Amino acid sequence: MSPAKKDIEAGRGPIAPPRHIAIIMDGNGRWAKSRGLPRSAGHSAGAEAFRTIANYCKAIGVKWLTVYAFSTENWKRSADEISWIMSLLEKYLLESIEKMERDGMRLVIYGDESALSPRLRSLMDRARDVAEHVEGFTANVCVNYGGRAEILRAAKRYAEDYVNHSAPELTEESFSGYMYTAGLPEPELLIRTGGEKRISNFLLWQLAYTEMYFTDTLWPDFGPAELDKAIEFFNGRQRRFGAAE
Ligand code: FPP
């Protein structure tokens, strides 16, 4: 049963799911190892899990899902593993470009594209063009992304506008407009799978007030039932805040 239905039946009244959920998808390697499979198989299963969760988020009324697919630290992995993850991203981008309009599902990439392959960059350009004409649920996929790098990038962009006399007064709100997430509400819920309890340089600016949900479940095993649990946790937290105020 969906969390919203459970709430209604328990007489608590419905609570909408978070509008914006962020996820650190961790545990693909361990998932594969525990099955005697290569790490690449874990990432393929992870890409499937992402597909399922994105569809589920859309179905239950989440508006934005932002996931960490490849961090600036991930370049330290083996060339084979990196190229496998990049090929999964290419495959996903191609699929999305074809289906975005039909499915009402936008795909947006955040991160420093300069280090990515020309093929991946051209797919990102195409995805951006298509996404402009699509409304509805948005999946933001962070690739070659780091939270500190994002803040530095925002500071540089602000400085450029300042020099050109086009910068607004510098406030938290106006500075947010220089982030990749410009115009989006901040994530209300962050989920990290795979047992670690760290932010790992993800969305440092945006997570200031976000509820954090950590689970030992490895990312490829994280399905709709697990997301329901995370949303129930979030709803419980929201209720406690309500009581205190
Ligand atoms: C973390 O698990 C996972 C990654 C660094 C890569 C995530 C990539 C995908 C889910 C596939 C591509 C994504 C999309 C959106 C198509 P890990 O390898 O650090 O696992 P471990 O901690 O068990 O070693």
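An account of the accompanying structure is given in this report. (Residues numbered from 1 in each chain as written. Predicted model: local features only at pLDDT ≥ 70, side-chain atom pairs only at ≥ 80, totals over all residues. Heavy atoms only, no water.)

A few words now on helix H3 (residues 39-60). Taking 1.5 Å as the rise per residue, H3 with 22 residues should run 32 Å; its terminal C-alpha atoms sit 31 Å apart, in good agreement. Of all the positions in H3, only Gly-42, His-43, Ala-45, Gly-46, Ala-49, Phe-50, Arg-51, Ile-53, Ala-54, Tyr-56 and Cys-57 are classed as buried. (Helix = DSSP H or I, 4+ residues; strand = E, 2+ residues; numbered from the N terminus. Expected span 1.5 Å × (residues − 1). Buried < 20%, exposed > 50% of the residue type's maximum accessible area, 1.4 Å probe, protein only.)

Let us now look at the nonpolar core. One finds Ile-21, Ile-23, Phe-50, Leu-65, Ile-191 and Leu-227 to be the most contacted residues of the largest nonpolar core, which totals 45 residues. Per element, the largest residue contribution to this core is eight residues, and it comes from helix H4 (residues 79-103). Not counting residues up to four positions away in its chain, the partners in contact with Leu-227 are Ile-21, Ile-53, Tyr-56, Cys-57, Ile-60, Ile-191 and Phe-222. If you look at the next biggest cluster of nonpolar residues, it comprises eleven residues, including Ile-24, Tyr-68, Tyr-145 and Leu-203. (Core = buried A, V, L, I, M, F, W, Y, C linked by side-chain atoms within 4.5 Å. Contact = heavy atoms within 4.5 Å.)

Now for the state of the cysteines. For the coordinates displayed, the defined rule picks out zero disulfides. Free of any disulfide, Cys-57 has its nearest cysteine sulfur in Cys-142, 14 Å distant. Here Cys-142 falls in the buried class, since its relative accessible area comes to 0%. (Disulfide = S-S within 2.5 Å.)

A few words now on the sheet that holds strand S6 (residues 211-214). Reading across from one edge, S3-S4-S2-S1-S5-S6 is the order of the six strands in this open sheet, with parallel pairing throughout. Either end of the sheet is taken by a strand with one partner, and the two such strands are strand S3 (105-110) and S6. Adjacent strand axes in the sheet meet at a mean angle of 20°, parallel and antiparallel pairs treated alike. Where strand S2 (residues 64-71) meets strand S4 (residues 137-145), seven bridges bridge the pair, whose relative direction is parallel. Bridging from a neighbouring strand, Leu-65 pairs with Ala-139 of S4. (Pairing = 2+ DSSP bridges. Axes fitted to C-alpha atoms, helices over the stretch in contact; angles between N-to-C directions.)

On to the side chain of Asn-140, then. Structurally, the position occupied by Asn-140 is in strand S4. Within the local environment of Asn-140, its side chain forms a polar contact with the side chain of Thr-66, the two groups lying 3.0 Å apart. (Polar contact = N/O pair within 3.5 Å; in protein donor to acceptor, adjacent residues only side chain to side chain.)

Let us now look at the packing of aromatic side chains. The full count for this structure, using the stated rule, is twelve aromatic pairs. Here Tyr-110 and Tyr-180 contribute two aromatic rings whose centre-to-centre distance is 5.5 Å and whose plane-to-plane angle is 15°, an arrangement assigned as stacked. Of the two residues, Tyr-110 is situated in strand S3 and Tyr-180 in the loop between helix H7 (172-176) and strand S5 (189-192); the sequence distance between them amounts to 70 residues. The class of Tyr-110 is buried, set by a relative accessible area of 4%. Given a relative accessible area of 19%, Tyr-180 falls into the buried group. Centre to centre, the rings of Trp-219 and Phe-222 are 5.5 Å apart; their planes meet at 20°, and the pair counts as stacked. (Phe/Tyr/Trp six-rings, centres within 6.5 Å; stacked < 30°, edge-to-face > 60°.)

A separate point is the packing of H3 against H4. Between H3 and H4, the shortest axis-to-axis distance is 10 Å and the interhelical angle comes to 25°. Between H3 and H4, the interaxial angle falls into the category roughly parallel. Crossing of H3 over H4 shows right-handed handedness. For the pair H3 and H4, the contacting residues are Arg-39, Ser-40, His-43, Ser-44, Ala-47, Phe-50, Arg-51 and Lys-58 in the first and Glu-81, Trp-84, Ile-85, Leu-88, Tyr-92, Glu-95 and Asp-103 in the second. Across the contact of H3 with H4, the residue classes tally to six nonpolar, three polar and six charged. (Parallel < 35°, antiparallel > 145°, perpendicular 65-115°, else oblique. Left-handed = near helix turned anticlockwise from the far one by under 90°. Nonpolar A, V, L, I, M, F, W, Y, C, P; charged D, E, K, R; others polar.)

Turning our eyes to something else, we now look at the side chain of Glu-113. Tracing the backbone through its elements, the reader meets Glu-113 in the loop between S3 and helix H5 (118-131). Taking the relative accessible area as the measure of exposure, Glu-113 reaches 17% and is therefore buried. A distance of 3.2 Å separates the side chain of Glu-113 from the side chain of Arg-128, its partner in a polar contact.

Turning our attention to the environment of Phe-234. Position of Phe-234 relative to the elements: it lies in helix H8 (residues 224-244). Note on Phe-234: relative accessible area 5%, which makes it buried. The sequence separation of Phe-234 and Ala-131 amounts to 103 residues, and the corresponding C-alpha distance is 29 Å. Beyond its immediate chain neighbours, meaning those up to four positions away, Phe-234 contacts Pro-18, Glu-188, Leu-189 and Glu-211.

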